[in-house]
Amino acid sequence: MIYDLAIIGGGPAGYTAAELAGKNGLKTILFEKNNLGGICLNEGCIPTKTLLYSAKVYQTAKDATKYAISCENVTFDLPKIIARKTKIVRKLTAGIRAKMNEAGVETVMGEAGVQVQGTECKVQEIACNGQIYCASKLLLCTGSETIIPPIPGLKETDFWTSREALENKGVPESLLIIGGGVIGIEFASFFNTLGTQVIVVEMLDEILPGMDKELSALLRNELTKKGIEFHLSTKVVSVDNRQIEIEKAGEKNILEVSKILLSVGRKPVLTGFGLETLNPELFRNGLKVNEYMQTSHADVYACGDITGFSLLAHTAVREAEVAVGHILGKNEKMSYKAIPGVIYTNPEIASVGKTEEVLQTENVSYTVKQLPMAYSGRFVAENEQGNGVCKILEGEDGTILGVHILGNPASEIIVIAGIAIEKGLKAEELKAMIFPHPTVGEIIKEAL
Ligand SMILES: Cc1cc2nc3c(=O)[nH]c(=O)nc-3n(C[C@H](O)[C@H](O)[C@H](O)COP(=O)(O)OP(=O)(O)OC[C@H]3O[C@@H](n4cnc5c(N)ncnc54)[C@H](O)[C@@H]3O)c2cc1C
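All of these numbers come straight from a predicted model, not from anything done at the bench.

Reading the values: rules and limits
Residue indices begin from 1 for each chain and proceed along its sequence in written order. In keeping with the model being predicted, local features are shown solely for residues with a pLDDT of at least 70 and side-chain atom pairs are shown and tallied solely at 80 or more, while totals for entire chains, interfaces and linings include all residues. The basis for the side-chain values is all heavy atoms of the structure; hydrogens and waters are excluded. Whether a residue is near a molecule or strand depends on its heavy atoms: it is near if one of them lies within 4 Å of it. Polar contact is defined as a pair of N or O atoms within 3.5 Å, subject to the rule that within protein one atom must be able to donate a hydrogen and the other to accept it, and that residues adjacent in sequence are counted only when both atoms are side-chain atoms. Under the scheme used here, helices are H or I runs from DSSP no shorter than 4 residues and strands are E runs no shorter than 2 residues, and both carry numbers assigned from the N terminus. Charged residues are taken to be Asp, Glu, Lys and Arg, nonpolar residues to be Ala, Val, Leu, Ile, Met, Phe, Trp, Tyr, Cys and Pro, and polar residues to be all remaining types, Gly included. Helix span, as expected, comes to 1.5 Å for every residue beyond the first. Relative accessible area decides the class of each residue, using a 1.4 Å probe on protein chains only: under 20% of the type maximum gives buried, over 50% gives exposed, and in between gives partly exposed. Whether two residues are in contact is decided by their heavy atoms: any pair within 4.5 Å suffices. Residues belong to a common nonpolar core when they are buried Ala, Val, Leu, Ile, Met, Phe, Trp, Tyr or Cys residues joined through side-chain atoms within 4.5 Å. At least two bridges found by DSSP between two strands is the condition for calling them paired. Fitted lines through C-alpha atoms give the axes, limited to the stretch in contact for helices. The angle between two N-to-C directions lies from 0 to 180 degrees. Between 65 and 115 degrees an angle is taken as roughly perpendicular, under 35 as roughly parallel, over 145 as roughly antiparallel, and anywhere else as oblique. The sense of a crossing depends on the near helix, which, turned anticlockwise from the far helix by less than a right angle, makes the crossing left-handed and, turned clockwise, makes it right-handed. Only Phe, Tyr and Trp rings take part, Trp by its six-membered ring, and two of them pair if their centres are within 6.5 Å. Stacked means planes under 30 degrees apart, edge-to-face means over 60, and tilted covers everything else.

(A) Region of interest: the site of the ligand. What surrounds the ligand is a group of 37 residues, the closest being Glu32, Ile39, Lys49, Asp305 and Ala313. Measuring from an oxygen atom of the ligand, one finds a backbone N or O atom of Cys141 at 3.5 Å. Within the backbone of Leu312, a nitrogen or oxygen atom sits 3.3 Å from an oxygen atom of the ligand. Secondary structure elements with two or more residues in the shell around the ligand: helix H1 (12-23), strand E2 (28-32), helix H2 (38-43), helix H3 (45-62) and helix H9 (313-327). Here the shell around the ligand is built from residues that sort into 15 nonpolar, 15 polar and seven charged.

Structure, rendered in structure tokens:
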């Protein structure tokens with residue numbers, strides 16, 4: 001039998017593509033070597049947000065008096081928090097399995113590999129669990145993996161990556177996080193709330209590279225007030241068990257902690273599944289694709305983290321929609337204009353479109369419209385934390401170029417701005433929309 005579409009990897013890219021293809025009548029087969037749902041569902045987006053929500057509830061209970069509620073002797077139980085996370089992950093992965101069945105997708109659990117084309121099938125050929133499968137089109141969605149930098153002594157040390165941190169059932173007394181990117185800062189927020197002494201070491205001069213620098217600094221200040229220690233423009237030179245040697249501007253220091261969490265980034269998975277037989281073109285550290293998500297082989301598509309482009313689940317989902325759409329004869333192109341980025345700390349930070357830093361590099365003129373979040377009545381009513389800010393960057397012709405928000409629930413509001421940017425709305429057009437009152441989202445209208 002020849003499948004219309006074979007997909008390697010059952011993460012957000014793979015399962016979205018499989019469901020859409022199956023529902024649209026394509027004979028589809030999906031290979032997954034670990035768990036359906038991929039990194040996002042099993043050890044990324046959902047588990048981290050589940051833990052962060054428990055931490056937020058704990059913090060809210062501790063701060064209950066500010067809402068005139070008394071809540072004494074507030075405690076937490078980390079093994080139960082982890083157990084709740086595992087239960088949620090199981091429920092959601094079962095949901096993905098049900099979706100695959102409903103869409104008529106054949107799911108094969110096992111490690112799949114691409115074979116030399118035409119040996120047996122004359123089309124795309126995939127081997128899994130000792131069987132050969134043939135498919136007219138192939139979609140590669142193998143995702144990404146943690147980067148382990150060659151820091152002397154690190155390999156010999158019992159350090160955590162995000163995977164181990166999510167399974168840990170004891171609260172470390174102190175934790176040094178190598179890398180102040182999204183994942184590192186979310187874990188910093190989580191363990192800080194549980195009472196761990198958290199230290200973040202970041203090589204760049206600000207945390208959260210790629211986000212608006214002013215807002216990142218504001219978030220860092222909020223987290224510093226909560227007791228997190230930051231070492232910016234600082235490099236980890238070596239690790240000797242729990243002793244970490246750091247260096248800033250030529251000056252070296254030793255920090256001693258009970259645990260190390262490594263989060264310096266992720267890289268596309270390009271090995272272990274016979275990619276070399278296809279010999280596709282690469283771009284930077286990922287697989288090169290065109291605007292329809294086709295690789296340099298017209299019948300081979302790639303979506304999600306494997307392209308090394310955005311490394312976000314919602315990007316992976318949209319890329320999968322574009323790829324399957326193209327296979328079905330639609331010619332929608334992938335757009336990266338309005339991909340929201342969110343850090344689910346407390347308070348949250350969310351961003352979409354261009355930052356001031358990018359606009360300056362591109363020599364684009366813009367004006368800044370900025371308001372404290374306290375201009376939102378709802379934000380004040382809920383006594384939300386910190387010195388939140390909403391910053392809107394407007395082009396000379398009034399087009400909205402970027403929106404950056406610090407304050408809860410930035411993750412839920414940012415989509416308003418994303419739609420405006422994707423559709424090329426002018427500030428006046430967005431301002432003319434009716435926002436429900438009172439909502440924190442009104443801050444966008446106020447700022448405009
Ligand atoms: C701690 C953490 C938190 C995150 N939080 C967020 C967040 O809040 N929001 C967000 O948007 N993104 C988040 N991400 C990123 C997000 O998880 C990824 O962008 C997303 O999972 C990418 O989806 P994907 O389908 O490309 O790959 P993956 O989810 O990595 O899935 C790839 C799948 O392919 C399978 N596979 C690989 N090779 C083979 C093979 N040869 N045969 C069979 N199967 C194979 C793997 O087992 C895996 O299940 C987070 C990541 C981490 C690590």
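(B) Layout of H3. For H3, spanning 18 residues, the distance from its first C-alpha to its last is 26 Å, which sits close to the expected 26 Å at 1.5 Å a residue. Among all positions in H3, only Pro47, Thr48, Thr50, Leu51, Leu52, Ser54, Ala55, Tyr58, Gln59 and Ala61 are buried. If you follow the buried residues of H3, they end up packed against H2, helix H4 (78-102), helix H5 (162-167) and helix H6 (182-193).

(C) Looking closely at the nonpolar core. Counting residues in each nonpolar core, the largest one holds 34 residues, and the members touching the most others are Ile177, Ile185, Phe190, Val200, Leu208 and Ile349. If you list the elements that add at least two residues to this core, you get H3, H4, H5, strand E8 (174-178), H6, strand E9 (197-201) and helix H7 (213-225). No other element matches the five residues that H6 contributes to this core. The residues contacting Ile177, other than those within four sequence positions of it, are Gly184, Phe187, Ala188, Val198, Ile199, Val200, Val201, Leu261 and Ser263.

(D) Region of the structure containing the sheet that holds E8. Pairing is parallel across the open sheet formed by four strands, whose spatial order is E10-E9-E8-E14. The sheet terminates laterally at strand E10 (229-231) and strand E14 (259-262), the two strands that pair on one side only. When the angles between neighbouring strand axes are averaged without regard to direction, this sheet yields 20°. In the sheet, E8 pairs with E14 via four bridges, with the strands oriented parallel.

(E) Quick look at the packing of H1 against H4. Packing of H1 against H4 leaves a shortest axis separation of 8 Å and a crossing angle of 30°. As judged from the angle between their axes, H1 and H4 are roughly parallel. Judged by the sense of rotation from one axis to the other, the crossing of H1 with H4 is left-handed. Residues Tyr15, Ala18 and Glu19 of H1 touch H4, and the partners they reach there are Ile96, Lys99 and Met100. Residues of the contact of H1 with H4, tallied by class, amount to four nonpolar, no polar and two charged.

(F) Focus on the pairing of strand E13 (residues 251-256). Here six bridges tie strand E12 (residues 243-248) to E13, and the two strands are oriented antiparallel to one another. Residue pairing for E13: Lys248 is matched across the bridge by Glu251. What sits between E12 and E13 in their antiparallel hairpin is a turn of two residues, with Ala249 showing a positive phi close to 45°.

(G) Geometry of the packing of aromatic side chains. Counting across every chain of the model gives seven aromatic pairs. Summarising the aromatic geometry, the rings of Phe187 and Phe191 are spaced 6.4 Å apart at their centres and angled 20° between planes, so their arrangement reads as stacked. A residue pair is termed a helical-turn pair when its members lie 3 or 4 positions apart in one helix, as Phe187 and Phe191 do in helix H6 at four residues. Ring pairs connect the aromatic residues Trp160, Phe187, Phe190 and Phe191, which therefore count as one cluster.

(H) Highlighting the sheet that holds E12. The strand order E11-E12-E13 describes an open sheet built from three strands, whose pairing is antiparallel. Looking at the sheet topology across the chains shown, the edges are occupied by strand E11 (234-240) and E13. Going across the sheet, the axis of each strand differs from the next one's by a mean of 25°, ignoring polarity.

(I) Quick look at H1. Along its 12 residues, H1 runs 16 Å from first to last C-alpha, staying within 8% of the 16 Å computed at 1.5 Å per residue. Across the 12 residues of H1, 10 count as buried, placing the element largely inside the fold. Restricting attention to buried positions, one finds in H1 the residues Pro12, Ala13, Gly14, Tyr15, Thr16, Ala17, Ala18, Glu19, Ala21 and Gly22. Buried positions along H1 lie against strand E1 (2-8), E2, H2, H4, strand E6 (131-140) and H9. Of the residues trailing H1, Gly25 is marked for its positive phi of about 90°.

(J) Geometry of the side chain of Thr16. Residue placement: Thr16 occurs in helix H1. Take Thr16: its relative accessible area is 13%, and that puts it in the buried class. Once residues lying within four places of it in the same chain are set aside, the contact partners of Thr16 are Gly11, Val317, Ala320 and Glu321.

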